[in-house]
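# Per-entry structural report
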Amino acid sequence: MRTLSNIAVAGALTCVAAPAAAQLRPLLDPPASAEAARARVEVFLLNQGTTLAPAQGPAELEVVAKDGTRLRLIAAPDGEGPVAPGAFARVTYRLAAATPPAAAMAAAAPPAAAPSVVAEQPSRTSRGTTSGFFDRLHPYAPTYGVMGGGDAGAKLQFSFDFRLLGHDDGPHVDFAYTQTIFWALDRPSGPIRATGYSPELFVDVPLGGNAVVGGGYRHDSNGGGPTNSIDVNRVFVRAAKAFDLGGGWRVDLTPMAWFYFGDQGIAPDIDRYWGYTSLGVSLGQRGGLKLAVTARGNPGTGKGSAEAFLSFPLARISDALPHLYLFGQAYTGYGEAMIDYNKRATHLRAGIAFTR
């Protein structure tokens, strides 16, 4: 194990730090390359203050690897704390993006090609080599698989967001897609009972102070045919505001409003059950426990629904465990599956999540 005497201060680190972490100075030995940083990067935090401080480093660090590659590192779950004045804490960061040296990019590019602003990232498997601009691919709604008893069955959800135009610190246009599958494990042969498909296109505008406003178009469909199709088209506006509670804890509020247009198939009265507004509230600690609840409904009819997620990172239990989350999901109200938009049910399920 390396000692602190062998750790070099990475000069001119660019970071976004929470106020609680301002008195902690990050120290690290720059990785040899981006490949060497993919697994993990150990960072030591020196408490330069005069009081105890939680072992919470900056959310992001920028450092130049020994081969000249510029690396952007994102904090993994925080280390144990608190950190005494003058003492060190060891935390882990993971690689978010890497920009090769200008000379290396020029040598690798075809002679007549225009310089690339964002490097393409390859992925090699037994199927072959694929590539994409993964720095523009982000989590969206939680991606998970959960199971429950009785008629709850299994629920699987996959969701992603792809940045089409712009960057996090300015207005940007995104495409997102969410697919939800309900698997009736309580029935003979375990059929897929229902599936929901939800593409959307939206614009987000950061306002500063941990606030974002946005709006766009969302289509929800059960994938049915002429006799059982439900197709809901909505234009929506929404906002998100985060409040830092200290110690890595934060609260997020996400109100949303929408209106419907177009033919809705066999669900012309879906607004009676979905309503026109929703509110999401989450309380979580970075690298720790998170509880998120979203409610929607129509006050005029008294019908609606609420869904809750409770998650905890397995890596917090042991470094040997995969980077997944223990995940619990609960739903009560109308329309968990689109085909059941006018049916009320309550289900509890538990399983594993890839994002939260």
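The text that follows walks through the structure, step by step, so that each part is easy to find. Keep in mind that this is a model prediction, so the values were computed, not measured.

## Focus: the packing of aromatic side chains
Throughout the structure, instances matching the rule amount to 11 aromatic pairs. Relative to Phe 160, the ring of Phe 158 has its centre 5.8 Å away and its plane inclined at 50°; by these criteria the two rings are tilted. On the basis of relative accessibility, which here comes to 22%, the residue Phe 160 falls in the partly exposed class. The interplanar angle of 45° and the centroid separation of 6.3 Å between the aromatic rings of Phe 160 and Tyr 177 together place this pair among those described as tilted. Of the two residues, Phe 160 sits in strand 11 (residues 154-166) while Tyr 177 sits in strand 12 (residues 172-183), which places them 17 residues apart along the sequence. An aromatic cluster of three or more residues is present, and its members are Phe 158, Phe 160, Phe 175 and Tyr 177. Here Arg 234 stacks its cationic end above the ring of Trp 258, 4.8 Å away from the centre of that ring. A cation over a ring is seen here: Lys 241 above Phe 243, with NZ or CZ 5.5 Å from the ring centre.

## Quick word on the nonpolar core
Among the nonpolar cores identified, the biggest contains 17 residues, and Val 41, Val 43, Leu 71, Leu 73 and Tyr 93 are the most heavily contacted of them. Counting only elements with at least two residues in this core, the list comes to helix 1 (34-37), strand 3 (41-47), strand 4 (60-64), strand 5 (70-75) and strand 6 (88-99). With sequence-adjacent residues up to four places away left out, Val 41 is seen in contact with Leu 28, Pro 31, Leu 73, Val 91, Thr 92 and Tyr 93.

Criteria and cut-off values
Residues numbered from 1 in each chain as written. Predicted model: local features only at pLDDT ≥ 70, side-chain atom pairs only at ≥ 80, totals over all residues. Heavy atoms only, no water. Phe/Tyr/Trp six-rings, centres within 6.5 Å; stacked < 30°, edge-to-face > 60°. Buried < 20%, exposed > 50% of the residue type's maximum accessible area, 1.4 Å probe, protein only. Helix = DSSP H or I, 4+ residues; strand = E, 2+ residues; numbered from the N terminus. Lys NZ or Arg CZ within 6 Å of the ring centre and 35° of its normal. Core = buried A, V, L, I, M, F, W, Y, C linked by side-chain atoms within 4.5 Å. Contact = heavy atoms within 4.5 Å.

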